[in-house]
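# Observations on chain architecture
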Amino acid sequence: MNIPTTPEAGNQFEAQLLSWKVPPEIVREILEYHSNLNYAPGAMIFCQGAPADIIFWVVKGLVKESCPSPNGSRIMVRLATAGDVIGVADQLNEKGQWIRRFEAQALSKCVVAMITRQRVRELLTSLDSATLLEVSERMNSAWSGWVHYYASFLGMSFRERLELMLAQLGRKFGAPDDDGIALTFEPAHGDLAEMIGCSRPMVSRLMADLIEQGEIARRGRLYILLKGGTIAAIARNSAGLTAPVDLRAPDAAPSGRRRRAA
């Protein structure tokens, strides 16, 4: 059954498609004719190696997209929220079938929209060659930005990766607070370990260091990115995921201890 997309999610997804120079009439077709699926917290949306014949985007809720490894560990690729596309990373198997590279799991009660790959292909093949080329170039540029982001990420220390992840959580899930930015999403240390590619004990030690140095504070179940700290400055000032990463925020002290939350 076709269900209208909520305005907030629809606007974000629409803006992303338009930024790729997808013609407005095709964007409207995608937004108006799709199906919505509901997922309970913890439910798997798709698994690694599953057929990649459907394109998803998040309408409501929080989705974790991860890359499982043969040894049983996982690297979290991203936390997707309303308007984010998931499941676009795929590959051809030995039978010539498109399959998923990653897996996706609902972290909260989620509504996810879906449209078939075949329908998207039909819409795109209706474009003239010049428009299709421009769309392809824009999408390639977007993917190149992600490659640059992960290449930069691999060159960081675990401490720098954690600071960046907390700043990104602050941008997506932060709420203004007297002491800085309160994270409305409570990340478990295991989740943070998947995000930065290290062990849970390492994350626990790094989080303790950040609290000791006045970068973050804990208030009940909430983490606070403290005013005057590097992490809060990144969360406020960073332009986006694909921009070159510089952890030396302009209004943060270069070193030394900072005050803790009262």
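To start, this report covers the structure provided alongside it. Computed from a predicted structure; not experimentally measured.

The strand order S11-S12-S14-S13 describes an open sheet built from 4 strands, whose pairing is antiparallel. Strands at the two margins of the open sheet, each flanked by one partner only, are strand S11 (174–177) and strand S13 (216–219). Direction aside, neighbouring strands of the sheet carry axes that sit 30 degrees apart on average. Relative to strand S12 (residues 180–183), helix H5 (residues 158–173) is tilted by about 80 degrees, and along the sheet it contacts S11, S12, S13 and strand S14 (222–226).

To continue, consider the packing of aromatic side chains. Considering all chains together, one arrives at 7 aromatic pairs under this definition. Seen in terms of ring centroids, Phe46 and Phe56 are 5.7 Å apart; in terms of plane orientation they differ by 25 degrees. Their pairing is stacked. With Phe46 in strand S2 (residues 44–46) and Phe56 in strand S3 (residues 54–60), the pair connects residues that are 10 residues apart, well separated along the chain. On the basis of relative accessibility, which here comes to 6%, the residue Phe46 falls in the buried class. Accessibility expressed as a relative area gives 5% for Phe56, which makes it buried. Arranged with centres 5.3 Å apart and planes meeting at 45 degrees, the rings of Phe173 and Phe185 form a pair that is tilted.

The rules behind the values
- Residues numbered from 1 in each chain as written.
- Predicted model: local features only at pLDDT ≥ 70, side-chain atom pairs only at ≥ 80, totals over all residues.
- Heavy atoms only, no water.
- Pairing = 2+ DSSP bridges.
- Helix = DSSP H or I, 4+ residues; strand = E, 2+ residues; numbered from the N terminus.
- Axes fitted to C-alpha atoms, helices over the stretch in contact; angles between N-to-C directions.
- Contact = heavy atoms within 4.5 Å.
- Phe/Tyr/Trp six-rings, centres within 6.5 Å; stacked < 30°, edge-to-face > 60°.
- Buried < 20%, exposed > 50% of the residue type's maximum accessible area, 1.4 Å probe, protein only.

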